[in-house]
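# Structural features, examined
For reference, the chains in residue letters:
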Number of protein chains: 2
Amino acid sequence: MYSENEIILRRTLDKYHVLTDEEFSDFLKVCEYKSFSKKECLLEAGNYNYGIYFVISGTVGLFELIDGKEMYQNFFLPGEFANELKSLTTQSHSTKNLIALDATESYHLDRQQLLNLYEQSASYEKLGRKLLEHLLAGQNELSHVLQSLKPEERYRYLEEYRPKLLNAIPLTYLASYLGLARETLSRIRAKK
Amino acid sequence: MYSENEIILRRTLDKYHVLTDEEFSDFLKVCEYKSFSKKECLLEAGNYNYGIYFVISGTVGLFELIDGKEMYQNFFLPGEFANELKSLTTQSHSTKNLIALDATESYHLDRQQLLNLYEQSASYEKLGRKLLEHLLAGQNELSHVLQSLKPEERYRYLEEYRPKLLNAIPLTYLASYLGLARETLSRIRAKK
DNA sequence: GAAAATCTGTGACGAAAATCACAAAATGAA
DNA sequence: TTCATTTTGTGATTTTCGTCACAGATTTTC
């Protein structure tokens with residue numbers, strides 16, 4: 001009936017709001033399977049943003065080029081929705097890049113088709129709202145970590161709350177995510 | 001017909017999604033006018049979170065006590081929705097405080113009544129979703145500022161994108177918001 | 001499997017920011 | 001107004017972290 005990947009997607013959506021079979025079936029129609037090889041861009045700076053990606057397998061990074069350096073602002077693991085929200089909602093060109101950090105499988109959800117869904121039923125609005133609530137809570141927490149925690153505490157925070165990132169992501173990228181120099185993070189990890 | 005404050009509220013909502021007169025009228029029913037004197041708490045750490053506040057006049061700060069120090073994580077000015085989202089959505093006790101930094105007028109929007117509205121019409125869901133999109137974009141930006149910008153650049157960011165905060169909020173509180181020592185921010189402001 | 005590219009570890013060093021300390025200024029309360 | 005409290009400015013000192021440099025390790029590419 002449903003493929004393996006479709007079941008994973010549904011389980012993920014269920015965490016936010018349970019769709020009926022019919023609603024989920026319509027939802028699947030806006031999903032287009034796309035795979036990316038390592039280092040391929042899902043969204044490139046300067047380009048228009050056509051939607052978001054549900055990560056099935058692999059890893060996706062969000063970064064911005066600042067003084068020629070790739071500053072990572074977020075990471076998306078399987079079961080998460082990789083996005084660059086600002087350009088998506090304002091319909092402007094993105095200043096950031098979404099890049100596959102490993103070979104990655106995804107469903108692409110087209111922006112306009114998502115908007116159509118929103119008009120179709122309050123169920124999709126609710127799903128979107130709850131997903132956003134979840135994303136915002138996470139982003140609040142990240143800001144807090146950066147505002148108040150010392151380098152070592154930031155690392156401990158990752159260990160405790162986002163341990164999967166430690167294995168999946170090169171330390172170099174994690175450093176920019178945590179607002180630290182690569183060497184500092186390396187030394188923190190070295191002791192103990 | 002509508003009071004001054006109700007018109008301000010409506011104009012604010014319109015920025016996200018336009019409600020019909022009837023919808024807005026129902027919306028007003030969940031709004032309860034509340035005023036706070038300076039230093040009064042809208043939400044206290046340890047307490048249950050009963051909703052969000054639309055700021056009519058004054059200033060509201062969101063802070064968390066860390067090692068006995070008040071670390072400010074956000075500020076809300078007139079026309080904004082003061083909130084502590086995590087405890088609101090998870091229905092848990094708040095670890096943070098919402099406090100009036102000046103004499104403040106607000107509408108309190110009761111959590112359960114908001115949930116009822118969501119069930120009533122997709123229009124409210126859409127409003128909530130769009131408001132959340134806006135909040136998330138702002139929070140993404142703040143994280144970026146904290147991840148990538150040096151102290152002086154953080155101050156310039158405030159000057160450029162949130163200049164009202166510079167006047168409305170004591171420098172001491174802004175320092176924690178920007179992840180800096182109070183003295184550092186004072187010196188940045190001193191030169192030039 | 002060899003070469004290239006990327007990523008990590010580690011020392012030395014310096015710059016930047018945190019901390020400490022205290023005085024001055026501004027604000028608020030009685 | 002006066003006193004108390006809060007907020008801000010500024011110097012001296014210490015600490016932390018970023019920067020630079022380079023070697024070793026790991027991963028990718030062909």
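Here the residue numbers are simple positions, counted from 1 along each chain's written sequence. Chains and ligands are labelled by the order in which they are written, letters from A for the one and numbers from 1 for the other. Only residues with pLDDT of at least 70 are given local features in this predicted model, and only at 80 or more are side-chain atom pairs given and counted; all residues enter the totals for whole chains, interfaces and linings. In computing side-chain properties, one takes all heavy atoms of the structure into account and sets aside hydrogens as well as water.

### Some thoughts on the overall build of chain A
As a reminder, the rule being used: For the purposes of this entry, the term helix denotes a DSSP run of H or I that reaches at least four residues, the term strand denotes a run of E that reaches at least two, and both are numbered from the N terminus. Radius of gyration: over C-alpha atoms. The globule rule applied is 2.2 Å multiplied by the number of residues raised to the 0.38 power. A 1.4 Å probe rolled over the protein chains alone gives each residue an accessible area, and that area as a share of the maximum for its type sets the label: buried under 20%, exposed over 50%, partly exposed in between.
Each helix and strand in chain A was counted, giving nine helices and eight strands. Computed over the C-alpha atoms, the radius of gyration of chain A is 17 Å, within 12% of the 16 Å expected from 2.2 N^0.38 for a compact globule of 192 residues. Projected onto its principal axes, the C-alpha positions of chain A cover 55 × 35 × 30 Å. When the 192 residues of chain A are sorted by exposure, 52% land in the buried category.

### Structural notes on the protein's contact with DNA strand D
So the rule is basically this: When at least one non-hydrogen atom of a residue lies within 4 Å of a molecule or strand, that residue is treated as near it. Under the rule applied, a polar contact is a pair of N or O atoms within 3.5 Å (in protein, one hydrogen donor and one hydrogen acceptor; residues adjacent in sequence only if both atoms are side-chain atoms). Each residue receives one of three labels: charged for Asp, Glu, Lys and Arg, nonpolar for Ala, Val, Leu, Ile, Met, Phe, Trp, Tyr, Cys and Pro, and polar for the others, Gly being one of them.
Around DNA strand D, 20 residues are found, and the nearest of them are Lys38, Pro151 and Thr184 of chain A together with Thr172 and Ser186 of chain B. Here Ser186 of chain B contributes a side-chain N or O atom positioned 2.9 Å from a phosphate oxygen of DNA strand D. Counting only elements with at least two residues in the surface near DNA strand D, the list comes to helix H9 (182–190) of chain A together with helix H8 (171–177) and helix H9 (182–190) of chain B. Here the surface near DNA strand D takes six residues from H9 of chain B, the largest share from any one element. Counted by class, the surface near DNA strand D contains seven nonpolar, four polar and nine charged residues.

### Digging into the environment of Gly79 of chain B
All names here are of chain B. Counting through the fold element by element, Gly79 comes out in the loop between strand S5 (69–76) and strand S6 (81–82). Looking at Gly79, the relative accessible area reads 18%, which means it is buried. In this structure the C-alpha to C-alpha distance between Gly79 and Ser148, which are 69 residues apart in sequence, comes to 29 Å.

### Some remarks on the packing of aromatic side chains
Residue and element names in this part refer to chain B. Rules: In summary, the pairing rule links any two rings of Phe, Tyr or Trp, Trp by its six-membered ring, whose centres are within 6.5 Å, and it sorts them by plane angle into stacked for under 30 degrees, edge-to-face for over 60 and tilted for everything else.
One pass over the full model with this rule turns up 20 aromatic pairs over all chains. On the numbers, 4.4 Å between centres and 20° between planes, the contact of Tyr72 with Tyr173 is stacked. Here Tyr173 lies in helix H8 and Tyr72 lies in strand S5, a separation of 101 residues in the sequence. We classify Tyr72 as buried; its relative accessible area is 1%. Taken together, a centroid distance of 5.4 Å and an interplanar angle of 40° make the contact between Tyr157 and Tyr161 tilted. Remark: Tyr161 and Tyr157 occur in helix H6 (residues 151–161); sequence separation between them is four residues, near one turn of the helix. Judged by its relative accessible area of 10%, Tyr157 is buried.

### Observations regarding the relation of the copies chain A and chain B
Threshold: Superposition of the copies was done by least squares, using only C-alpha atoms of residues whose pLDDT is at least 70 in both. Should any heavy atoms of two residues lie within 4.5 Å, those residues are counted as being in contact.
The transformation that overlays chain A on chain B combines an axial shift of 0.1 Å with a rotation of 180°, and the residual RMSD is 0.0 Å. Given the turn and translation reported, the copies of this chain are related as if by a two-fold rotation axis. A high fraction, 97%, of the interface residues of chain A reappear at the interface in chain B, so the copies pair face to face through one surface.

### Let's talk about the side chain of Gln147 of chain B
Note that Gln147 of chain B resides in helix H5 (residues 122–148). The class of Gln147 of chain B is buried, set by a relative accessible area of 6%. Sequence-distant contacts of Gln147 of chain B, defined by excluding residues within four places in its chain, comprise Met71, Tyr72, Gln73, Leu142, Leu146, Ser176, Tyr177 and Gly179 of chain A.

### Here's the deal with the sheet that holds strand S4 (residues 60–66) of chain B
Stated formally: For two strands to pair, DSSP has to find at least two bridges joining them. The axes are straight lines fitted to the C-alpha atoms, using for helices just the contacting stretch, and the angles between their N-to-C directions are given from 0 to 180°.
Spatial ordering of the open sheet is given by S2-S7-S4-S5 (chain B), a layout of four strands whose pairing is antiparallel. The outermost strands of the open sheet, each flanked by one partner alone, are strand S2 (41–43) and S5 of chain B. Across the sheet, the axes of successive neighbouring strands diverge by a mean angle of 35°, strand direction being ignored. Here two bridges tie S2 of chain B to strand S7 (residues 97–100) of chain B, and the two strands are oriented antiparallel to one another. Its bridge partner lying in S7 of chain B, Leu43 of chain B is registered against Leu98 of chain B. Sitting on the sheet, helix H5 (residues 122–148) of chain A touches S4 and S5 of chain B, and the angle it makes with S5 of chain B is about 135°.

### Observations regarding the sheet that holds strand S5 (residues 69–76) of chain A
Ordered in space as S2-S7-S4-S5 (chain A), the four strands form an open sheet in which the pairing is antiparallel. In this open sheet, the two edge strands, each paired with only one partner strand, are strand S2 (41–43) and S5 of chain A. Within the sheet, the average angular offset between the axes of one strand and its neighbour, ignoring direction, is 35°. Those strands touched by H5 of chain B are strand S4 (60–66) and S5 of chain A, and its axis lies near 135° from that of S5 of chain A.

### Here's the deal with helix H1 (residues 4–14) of chain B
Residues and elements named next belong to chain B. What counts, and what does not: Throughout, the arc means the angular range of directions from the helix axis out to the C-beta atoms.
For H1, the complete set of buried residues consists of Asn5, Glu6, Leu9, Arg10, Thr12 and Leu13. Looking straight down H1, one finds its buried side chains confined to an arc of 160°; they lie on one side. In H1, those exposed residues whose orientation departs by more than 90 degrees from the buried face are Glu4 and Arg11. Close packing links the buried residues of H1 with helix H2 (21–29), strand S1 (31–36), strand S3 (51–57), S6, strand S8 (104–110) and H5.

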